[in-house]
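Fold and geometry: a report
These are the residues of each chain, in order.
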Amino acid sequence: MKYDVVVVGGGPAGAMASKYAARNGASTLLIEEHASIGSPVQCTGLISTAALRECEIEGESFALNKMKGAYVYAPDGTELEVKGKDVMAYVIDRKMFDRSLIEQSIDSGVDILIKTRFTGMEKNRVSVLSNGERKEIHAGMVIGADGLQSAVCRSSGLPGCKKFLSGMQIEAPYAPENPEYVEIFTGQDVAPGFFGWAVPFNGMARIGLARTPGDKPVSHYLEKLLEHPVVTSRYRGSRTEHVVGGIPLGYPDKTAKDNVVLVGDAAGQVKPTSGGGIYMGAICAKIAGEVAAKTVRGEATVDEYEKRWRSAVGRELSIGMMIHKSLGKLGDNDLNEFISYLNQPEIRNAITEYGDIDHPSVLFRKLLSGSDKKQLIRLFGVVFRTLF
Ligand SMILES: Cc1cc2nc3c(=O)[nH]c(=O)nc-3n(C[C@H](O)[C@H](O)[C@H](O)COP(=O)(O)OP(=O)(O)OC[C@H]3O[C@@H](n4cnc5c(N)ncnc54)[C@H](O)[C@@H]3O)c2cc1C
């Protein structure tokens, strides 16, 4: 087998990258190790309206619910209501979403091989295990879209991501106060260094958390989250799905070399404030596909990918990482103080006006330019004073 571009991984980043490689004239093969696309699901499926557009998905066919706001709970139980101006995000059926993206790749001329695992590469020879059989594929370019434990990353000698969060989630019957609001839970008890969530849809919710690595297993915090007074009042018992997964944060210094580029989770292109990777991954995957096609024709080098994706989302990801690090350092008392600071009417209005889940830096810059910024600066520490 011989292809201009071989894409490893059939998630959203792989699907988008392969579509753009094929559309730019490259013969393209996508390989996926699992027997079916979109499975197993490791996602809450909360995706902004901008992300759906970026993925070139028309209509709302995968939407299980539309979200218009959020309740954020401080460790002391204080509730902060964050109202969006309109629909902020959709809760999607992630399996159907991934499959639809792959259908678009196929329509663009991409060949797909499932049950085919990338096992290594040497220059242009990609080794795979396809249906239990060892094979070699000649690839002009390789796009590693194979998630956070990227074998392409290891095999090419590119550096990995800087940090990982561990996440766990269940799906369960749930009776929320407001079915159009996401619930966010903070505090050392439920999600040290990050947050927990309940995302409702159709009488159910995806209830989960991600946390920075620590002594106790993530399952310990899931049980704590299920004991949270807000959750207990809404959770109707039993569990229908159980998800365990990692979230990479902090993109590496280099994501491309020779004939290899990394994209999506494999390149740490994930929003450090929310752990969402579909939006940034899609933006970068389009660039990866286009540059890979140009590179095999000798019209570009992989450096163009590195430059273009960093200029598109690098600053947002870096600011997001600073925010993540600062928030992660706040103890429960500081978090209580921070959330009560955000609960002031004028700040809540600013959140409604400027809050954007894909670009939190816009709101943070706005808050830092306001007249009452002393408390915020104190809470976030020196990092922010040097940032803007
Ligand atoms: C608990 C949890 C909740 C999340 N919730 C959200 C959310 O609400 N919104 C959001 O935007 N993001 C969310 N994310 C993150 C999101 O799921 C990822 O950022 C996104 O799936 C990354 O897409 P990707 O295509 O880069 O990688 P993946 O979706 O991980 O796809 C990688 C693919 O590569 C395949 N693969 C791996 N190794 C090989 C190999 N050697 N050979 C062949 N194939 C291989 C895998 O089987 C997989 O299909 C969540 C993550 C977790 C863990």
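Residues numbered from 1 in each chain as written. Predicted model: local features only at pLDDT ≥ 70, side-chain atom pairs only at ≥ 80, totals over all residues. Heavy atoms only, no water.

Attention shifts here to the site of the ligand. Within the structure, the ligand sits among 30 residues, and Glu-32, His-34, Leu-46, Arg-94 and Asp-265 are positioned closest to it. Pro-12 has a polar backbone atom sitting 3.3 Å from an oxygen atom of the ligand. A distance of 3.3 Å separates an oxygen atom of the ligand from a polar atom in the backbone of Gln-42. In the complex, 87% of the free accessible area of the ligand, which totals 1000 Å², lies under the protein chains. Counting residues per element, the ones that place at least two in the shell around the ligand are helix H1 (12-23), strand E9 (116-122) and strand E16 (241-249). Considered class by class, the residues forming the shell around the ligand number nine nonpolar, 15 polar and six charged. (Near = heavy atom within 4 Å. Polar contact = N/O pair within 3.5 Å; in protein donor to acceptor, adjacent residues only side chain to side chain. Areas by Shrake-Rupley, 256 points an atom, 1.4 Å probe, with all protein chains shown as cover. Helix = DSSP H or I, 4+ residues; strand = E, 2+ residues; numbered from the N terminus. Nonpolar A, V, L, I, M, F, W, Y, C, P; charged D, E, K, R; others polar.)

This next bit is on the pairing of strand E12 (residues 163-173). Where E12 lies against E16, nine bridges are found, and the strand directions are antiparallel. What sits directly across from Gly-167, in E16, is Gly-245. By the bridge criterion, eight bridges tie E12 to strand E15 (residues 204-211) in an arrangement that is antiparallel. Within the sheet, the bridge partner assigned to Met-168 lies in E15 and is Leu-209. (Pairing = 2+ DSSP bridges.)

With mixed pairing, seven strands are arranged side by side in an open sheet as E6-E5-E13-E14-E15-E12-E16. At either margin of the open sheet sits one strand with a lone partner, and together these are strand E6 (79-83) and E16. Averaged over all neighbouring strand pairs, the angle between strand axes comes to 20°, with direction disregarded. Where helix H5 (residues 218-226) meets the sheet, it contacts E12, strand E13 (181-185), strand E14 (195-201), E15 and E16, and its direction lies at approximately 135° from that of E15. (Axes fitted to C-alpha atoms, helices over the stretch in contact; angles between N-to-C directions. Contact = heavy atoms within 4.5 Å.)

This part is about the domain arrangement of the chain. Under the domain assignment used here, the chain contains domain 1 (2-43 + 94-160 + 252-313), domain 2 (68-87 + 163-248) and domain 3 (323-387). For domain 1 versus domain 3, the distance between C-alpha centres works out to 36 Å. Each partner contributes residues to the interface: domain 1 has five residues there, and domain 3 has six residues. When the two sides are added together, the surface that domain 1 and domain 3 hide from each other amounts to roughly 470 Å², 56% of it contributed by carbon and sulfur. (Domains from an automatic or database assignment. Buried area = accessible area lost by both parts, 1.4 Å probe.)

So, about unusual backbone geometry. Between Ser-39 and the following residue, Pro-40, the backbone shows a cis peptide bond with an omega angle of 0°. For Pro-40, the position within the fold is in the loop between strand E2 (28-31) and strand E3 (46-48). Here the phi dihedral of Glu-56 falls at roughly 60°; this positive angle occurs in a residue that is not glycine. Secondary-structure assignment places Glu-56 in the loop between helix H2 (49-54) and strand E4 (63-67). When its relative accessible area of 25% is taken as the criterion, Glu-56 is described as partly exposed. At Lys-123, a residue that is not glycine, the phi angle is positive and equals roughly 50°. Inspection of the secondary structure puts Lys-123 in the loop between E9 and strand E10 (125-130). Judged by its relative accessible area of 71%, Lys-123 falls in the exposed class. (Buried < 20%, exposed > 50% of the residue type's maximum accessible area, 1.4 Å probe, protein only.)

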